[in-house]
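Here is how the chains run, residue by residue.
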Amino acid sequence: MEKRKILVTRPQLPPLNEFIPMLEDIWDSRWLTNNGKYHEEFEKALAIFLGVPYVSLFANGTLALMAALQCLRVKGEVITTPYSFVATTHSLWWNGIKPVFVDIDPVYGNLNPDLIEAAITPETTAILPVHVYGNPCKVEAIQNLADIYGLKVIYDAAHAFGVKLKNSSVLNYGDLSILSFHATKVFNTIEGGAIISHDLKTKKRIDFLKNFGIADETTVVAPGINAKMNELQAAYGMLQLKYFDTAIDGRKHITDKYKEGLEGIAGIRFLNEATNVDYNYSYFPIFVDELEFGRSRDDVFEELKKYDIYGRRYFYPLISEFSAYRGLPSAKGLDVAYELSRQIICLPLYPDLADEVVETIVSIILEMSLDETKKIPVKMLHQIKRNK
Ligand code: T4K
């Protein structure tokens, strides 16, 4: 077993010897940011790689979310999910938009389209769903509602780099999609992000917005922000693209190994793959059903820590439980999201994670499921739950 701590993820880096000549080139050119040559090259290469019409690079995914909302002039209320990273809802807050939380589906944890209609008011202007763990949302149902009610759809696709639905990029759905290239993501540029748009006019507007709204030396067309990706990140991103497919193969291997090991353990659920989706294997979430497993999610989380293995409870607590949002009327009654957030652990997953580590994790969980002496009798757990 590896000696160092096993964290939920470990960033994939390109070979240093391939990066150094690019750094030398940047040093020579003295062109560091503001639409340099690597930026141009990376934007075009990404659009082809992902199979999308237009890419606008960003300094990070959060700024991309904020700019996407600005670009479409989204205001009033936006329907969104409480089961995500806080940046999703923070982007609304920074735009002066009221988040309206809607509960999620119990299997994949994505916004439940069946509950959206009831949350629409005359103030609603958009829907901001998240493809959680890279699992595609019910995009057609969401688009149907958006069409009927005249709403924009912006996908937070921070986890969905490279994911395809029916052989086409999942980023092609909705009005805009945003990506994150943070160090912890399946594809990273250290920090970074992008907006995917479907026409050149929209891309141009996004590009103005991320550069202070500057259209040319004497024209500012909008109160933009500085959200540009620099040349070092873009060059690094070009290299990362070369190794993406191999990284996905490594991730799939680890995922399959987890599934094989955990299959059949009562009370441990993992996500099954749909046949019409090409996955990126960005996370390996498991859901611990305390009643069935006999031990809680936190028991598993703590037990793994004893072996220096650090899963992460993405996403616990819910965004709607944080002080900024818990006073909102929609922060209540999110029963499915609440339940999943108490069951979730994302197990360590990265391309070069050793097989023995996966085997160790599986055996720790298996052992816990068999540990009758420490198990709380199921009957008593039912009692505790009812009394809550
Ligand atoms: N929307 C969604 C749905 C998102 O998940 C995110 C980001 C965003 C929007 C916003 O995109 P960005 O603005 O970030 O581009 C991490 C990431 O910082 C965050 O990007 C990500 N979601 C979120 C799900 O995870 P933390 O607070 O868990 O990060 P941290 O520092 O605890 O790192 C996680 C693990 O990775 C640790 O075990 C350490 C390890 N790690 C981390 C870094 C930075 C490394 O081994 N090396 C590293 O360089 O948020």
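The rules behind each value
Residues numbered from 1 in each chain as written. Predicted model: local features only at pLDDT ≥ 70, side-chain atom pairs only at ≥ 80, totals over all residues. Heavy atoms only, no water. UniProt positions renumbered as here; feature names shortened; annotations may be inferred. Buried < 20%, exposed > 50% of the residue type's maximum accessible area, 1.4 Å probe, protein only. Helix = DSSP H or I, 4+ residues; strand = E, 2+ residues; numbered from the N terminus. Arc of directions from axis to C-beta. Contact = heavy atoms within 4.5 Å. Polar contact = N/O pair within 3.5 Å; in protein donor to acceptor, adjacent residues only side chain to side chain. Near = heavy atom within 4 Å. Areas by Shrake-Rupley, 256 points an atom, 1.4 Å probe, with all protein chains shown as cover. Nonpolar A, V, L, I, M, F, W, Y, C, P; charged D, E, K, R; others polar. Domains from an automatic or database assignment. Pairing = 2+ DSSP bridges.

- Identification of the protein chain as DegT/DnrJ/EryC1/StrS family aminotransferase from Paralabilibaculum antarcticum is taken from an unreviewed UniProt entry.
- Regarding the protein chain, the relevant UniProt record gives this comment under Sequence similarities (unreviewed entry): "Belongs to the DegT/DnrJ/EryC1 family."

**Describing helix α6 (residues 200-209)**
In step 1: Taken together, the buried positions of α6 are occupied by Thr-202, Lys-203, Ile-206 and Leu-209. Projection of α6 onto a plane perpendicular to its axis shows the buried side chains occupying an angular sector of 120 degrees, all on one side.
In step 2: Elements in contact with the buried residues of α6: α2 (37-50), β1 (54-58), α3 (61-71), β8 (176-180) and β9 (193-197).
In step 3: Capping the start of α6, Asp-199 holds a side-chain oxygen 3.2 Å from the backbone nitrogen of Lys-201, two or three residues further along.

**Side note on the site of the ligand**
In step 1: Near the ligand, the surroundings consist of 24 residues, among which Thr-62, Asp-156, Ser-180, Lys-185 and Tyr-314 are the closest.
In step 2: Contacts to the ligand include His-159, whose side-chain N or O atom sits 2.8 Å from an oxygen atom.
In step 3: Interatomic distance of 3.4 Å between a side-chain N/O atom of His-182 and an oxygen atom of the ligand.
In step 4: Relative to its unbound accessible area of 920 Å², the ligand is 75% covered by the protein chains.
In step 5: Mapped by element, the contributors of at least two residues to the shell around the ligand are α3 and α4 (87-94).
In step 6: By residue class, the composition of the shell around the ligand is ten nonpolar, eleven polar and three charged.
In step 7: Formed jointly, the shell around the ligand draws a minimum of three residues from each of two domains, domain 1 (16-240) and domain 2 (243-387).

**Re the sheet that holds strand β7 (residues 168-169)**
In step 1: Across the sheet, three strands lie side by side as β7-β6-β13; this open sheet has antiparallel pairing. Looking at strand neighbours, the two that pair on one side only are β7 and β13 (277-278), the edges of this open sheet.
In step 2: Pairing of strand β6 (residues 164-165) with β13 involves two bridges; the strand directions are antiparallel. Residue pairing in the sheet places Lys-164 in a bridge with Asp-278 of β13.

**Examining the side chain of Thr-124**
In step 1: Relative to the helices and strands, Thr-124 resides in strand β4 (residues 124-128).
In step 2: With a relative accessible area of 9%, Thr-124 lands in the buried category.
In step 3: Each residue touching Thr-124, except ones within four places of it in the same chain, is listed here: Glu-77, Ile-79, Ala-119 and Leu-151.

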